[in-house]
Amino acid sequence: MFRIPRGTRDFTPEEMEKRRYVERQMRTTFQVFGYREIQTPMFETLELFTAKSGDTILEEIYSFTDKSGRKLALRPELTAPVIRFYVDKMQMSPKPLKLFYFGSCFRYDRPQRGRYREFRQAGCELIGTNTPEAYAELIALAYFLLKNIGLKNIRLNIGDLDVLSSMLRTLGIPKDKQKQLTPLIDKSQFKDLTSMLHTMGIKKKKIDEFVDILQTTDTQKILEFLNKNTSSKAKIEELEKILDLLRNSFDIKNYHVNMSIVRGLDYYKGLVFEIDAPVLGAEKQLCGGGAYELIPLFGGKNIPTAGFAIGFDRTILALEAEKFVFPKPKTDIFIVPINNDMMDISIKIAQNLRKEGIPTDIDLLRRDVRKSLKYANAINAEKTILVGPKDVEKNCVTLRDMRTGEQQIIKIKDIPSKIKTKKLQ
Ligand code: AMP
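Worth saying up front: this structure is predicted, and the values here are computed from it rather than measured.

Bringing the overall build of the chain into the picture now. Along the chain, the regular secondary structure elements total 15 helices and 16 strands. Across its three principal axes, the chain shows a C-alpha extent of roughly 95 × 55 × 45 Å. Looking at the chain as a whole, 48% of its 425 residues are labelled buried. Taking all contacts inside the chain whose residues are at least 6 apart in sequence as the whole, residues at least 24 apart take part in 67%.

Moving on, we come to a nonpolar patch on the surface. A cluster of nonpolar side chains, Met42, Phe43 and Phe64, forms an exposed patch at the surface whose accessible area comes to about 280 Å². With respect to the helices and strands, the residue Phe43 is situated in strand S2 (residues 43–45).

Tracing the backbone shows Asp401 in strand S15 (residues 396–401). Of the side chains with opposite charge, Arg403 lies nearest to the buried Asp401, which makes no salt bridge, at 4.2 Å. Asp401 has contacts with Glu382, Lys383 and Glu406, leaving out every residue within four places of it along the chain.

Not every one of the 14 residues close to the ligand is listed here, only the nearest: Arg107, Asp109, Tyr116, Arg263 and Gln285. At a separation of 2.5 Å, an oxygen atom of the ligand approaches a polar side-chain atom of Arg263. Within the complex, 92% of the 490 Å² of free accessible area of the ligand lies under protein. By residue class, the composition of the shell around the ligand is five nonpolar, four polar and five charged.

This part is about the sheet that holds strand S16 (residues 407–411). Where strands meet in a sheet, backbone hydrogen bonds hold them as pairs that are either parallel or antiparallel. Strand order in this open sheet of five strands is S13-S12-S14-S15-S16, and the pairing throughout is mixed. At either margin of the open sheet sits one strand with a lone partner, and together these are strand S13 (360–362) and S16. Between one strand axis and the next, the sheet turns by 25 degrees as a mean value, whatever way the strands run. In this structure, strand S12 (residues 333–337) lies alongside strand S14 (residues 383–387), joined through five bridges in parallel fashion. When the sheet's bridge partners are listed, Pro337 is paired in S14 with Val387.

In this section: the environment of Glu37. On the secondary structure map, Glu37 appears in strand S1 (residues 36–37). Along the primary structure Glu37 and Gly123 are separated by 86 residues, whereas in three dimensions their C-alpha atoms are 9.9 Å apart. Ignoring anything within four residues of it in the chain, the contact list for Glu37 reads Arg27, Phe100 and Phe102.

Another point: the environment of Leu161. Mapped onto the fold, Leu161 is located in helix H5 (residues 161–171). Sequence spacing of Leu161 and Ile173 is twelve residues, and the spatial spacing of their C-alpha atoms is 15 Å. If we skip the residues at most four places from it in the chain, Leu161 touches Ile261, Val262, Tyr268, Lys269, Gly270 and Val272.

Before going further, it helps to examine the pattern of salt bridges. If you walk through the whole model with that rule in mind, you get 26 salt bridges. The residue Arg27 makes a salt bridge to Glu37 at a minimum N-O spacing of 2.7 Å. Highlighted residues: Arg27 in helix H1 (residues 13–32) and Glu37 in strand S1, separated in sequence by ten residues. Judged by its relative accessible area of 38%, Glu37 falls in the partly exposed class.

Further remarks concern the packing of aromatic side chains. Within the structure shown, the criterion is met by 15 aromatic pairs. An angle of 70 degrees between the planes, with centres 6.1 Å apart, marks the rings of Phe43 and Phe64 as edge-to-face. With Phe43 in strand S2 and Phe64 in strand S3 (residues 63–65), this residue pair connects regions lying 21 residues apart in the sequence. Ring-pair connections join several aromatic residues into one group, and the members of that group are Phe30, Tyr35, Phe100, Phe102 and Phe312.

Put simply, the chain has an average pLDDT of 93, and 98% of its residues get 70 or more. Every residue in residues 421–425 is under pLDDT 50, and counting partners more than four places away or in other chains gives two contacts.

The subject of this paragraph is the pairing of strand S4 (residues 71–74). As judged from the three bridges shared by S2 and S4, these two strands associate in the antiparallel manner. Paired with Glu44 across the bridge in S4 is Ala73. In terms of strand pairing, S3 meets S4 through three bridges, oriented antiparallel. The partner of Phe64 across the bridge, within S4, is Leu72. Taken together, S3 and the strand that follows it, S4, pair antiparallel across an intervening segment of five residues, in which Gly69 is found at a positive phi of about 85 degrees.

Spatially, the three strands line up as an open sheet ordered S2-S4-S3, and their pairing is antiparallel. With one partner strand each, in any of the chains shown, S2 and S3 form the two edges of the open sheet. On average, adjacent strands in this sheet sit at an angle of 35 degrees to one another, irrespective of strand direction.

Turning our attention to helix H7 (residues 190–199). If you check which residues of H7 are buried, you get Phe190, Leu193 and Leu197. All buried residues of H7 project into a common sector of 50 degrees when viewed along the axis, lining one side. Facing away from the buried side of H7 by more than 90 degrees, the exposed set consists of Lys191, His198 and Thr199. On its buried face, H7 is in contact with H5, helix H6 (175–186) and helix H8 (204–215). Looking one or two places after H7, you find Gly201, whose phi comes out positive at around 90 degrees.

How each quantity is defined
For every chain, the first residue of the written sequence is number 1, and numbering continues from 1 along that sequence. Only residues with pLDDT of 70 or above have their local features reported here, since the model is predicted, and side-chain atom pairs are shown and tallied only from 80 upward, although totals for entire chains, interfaces and linings are computed over all residues. The basis for every side-chain value is the complete set of heavy atoms in the structure, and neither hydrogens nor water enter the calculation. Under the DSSP-based scheme used, a helix requires at least four consecutive residues in state H or I and a strand at least two consecutive residues in state E, with every element numbered from the N terminus. Think of it in three bands: residues with accessible area under 20% of the maximum for their type are buried, residues over 50% are exposed, and the middle band is partly exposed, with areas taken using a 1.4 Å probe on protein chains only. Any two residues whose heavy atoms approach within 4.5 Å are treated as being in contact. Note on patches: the residues involved have over 30% relative accessible area and no salt bridge, like charges join within 9 Å, and the nonpolar side chains Val, Leu, Ile, Met, Phe, Trp and Tyr join within 5 Å. Areas reported as accessible are Shrake-Rupley estimates using a 1.4 Å probe. Residue values count occlusion only from the protein chains shown. By definition, a salt bridge exists where a carboxyl oxygen of Asp or Glu is found within 4 Å of a side-chain nitrogen of Lys or Arg. By the counting scheme adopted, Arg and Lys are positive, Glu and Asp are negative, and His together with the chain ends is not counted. Distances are taken per atom, and a residue is near a molecule or strand as soon as one of its heavy atoms is within 4 Å of it. Polar contacts, as counted here, are pairs of nitrogen or oxygen atoms within 3.5 Å of one another; within protein the pair requires one atom able to donate a hydrogen and one able to accept it, and residues that are adjacent in sequence qualify only if both atoms are side-chain atoms. Gly is put with the polar residues, along with every residue not named as nonpolar or charged; the nonpolar set is Ala, Val, Leu, Ile, Met, Phe, Trp, Tyr, Cys and Pro, and the charged set is Asp, Glu, Lys and Arg. Strand pairing follows a simple DSSP-based rule, namely that at least 2 bridges must link the two strands. Each axis is a line fitted through C-alpha atoms, and for a helix only the stretch in contact is used; angles between axes span 0 to 180 degrees, taken between their N-to-C directions. Only rings of Phe, Tyr and Trp enter the pairing, Trp through its six-membered ring, and a pair is recorded when the two centres are within 6.5 Å. The plane angle decides the type: under 30 degrees is stacked, over 60 is edge-to-face, the rest tilted. The predictor's confidence in any single residue is recorded as pLDDT, a number from 0 to 100. It is the directions from the helix axis to the C-beta atoms whose arc is reported.

Right under this line is the structure:
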């Protein structure tokens, strides 16, 4: 009768178990890197998102007017809300401030596999530092967030918008004209880029060299080119320091310098990076981030900011594509009252186990033993406890191992300890 809105999804218990597993692992990684979790509202004032990008973003946004005439929007991303929060309430906090979050985002995107209108992001913001070690740690965090959940094949690309801009300046393209070129670089439309550079009067040899550097993944070749051809020496040294730290201190060897990484959003400045899962094909970008500037625009005192967002849904898709075996949560114990008279005592036994934190379920359908055991199997219960009048008379129950079929009679008072000692073995 009712259909789910386009671009949204329902999640089954099995899917939620996968999602919660990934979230738990990611939360731990954020925490071991010294980050603390925050939360911001699902909707914000519309202006928060148009302030930087202008009205063009309206097409991608779910915006609405509330009953009092306020213009609001479901958040399409989380960086602007977090910076609003920072400017409002956290400017006096000790620096650097390391904040992480999980949250749903909403975009009026064209839905396809890996692209939804409601999707989840895991992300963080690092406020108050721009040292190479801060940036290296940020990139390493993104990398390990994805590695620690069990992803095998990811590709880390690192670029720098200041370096790219100085490359373009060296080519003879002033800052105001560079804006026309970045969308082409972002979408890897190198043919169109070549012809546009041509119409801008740049020599063919120079264009070929530049486009070649944008396309190559040979880090050494890029760095040599940059050292010879661009004027921002300090920036290049900083990039080299970040790479050196990644390689030697964080033990991340498989990164790629990629000067064509420019990121779609308008607020990035300097360092940018992306992590892809090539196994996903078209929608393969799992993570995007870098250094950006938003604080002054929101009325705060300017200090360096950087961060990244990981697409949670795509991360799950990538794990599935790699045939990752997610840990399967199960009910440890399923309680079967042999007849209705055994119900009260069975519930008591269940509650005692639950008090001990042991996942316990009980037959609520008054089924016979055979059907109950079948159900216990279906929900992957490790053990069942059969509660029958003869055993109960002797203050006992029958404990059945669902894998081996082995049964033993145990005292009711010993149940939690029996099960716990078993668990610890
Ligand atoms: P962005 O804020 O555009 O840099 O996106 C950060 C990450 O969020 C991307 O790398 C994707 O993994 C994910 N993402 C962005 N848009 C969507 C979407 N419509 N559906 C699912 N994931 C998305």
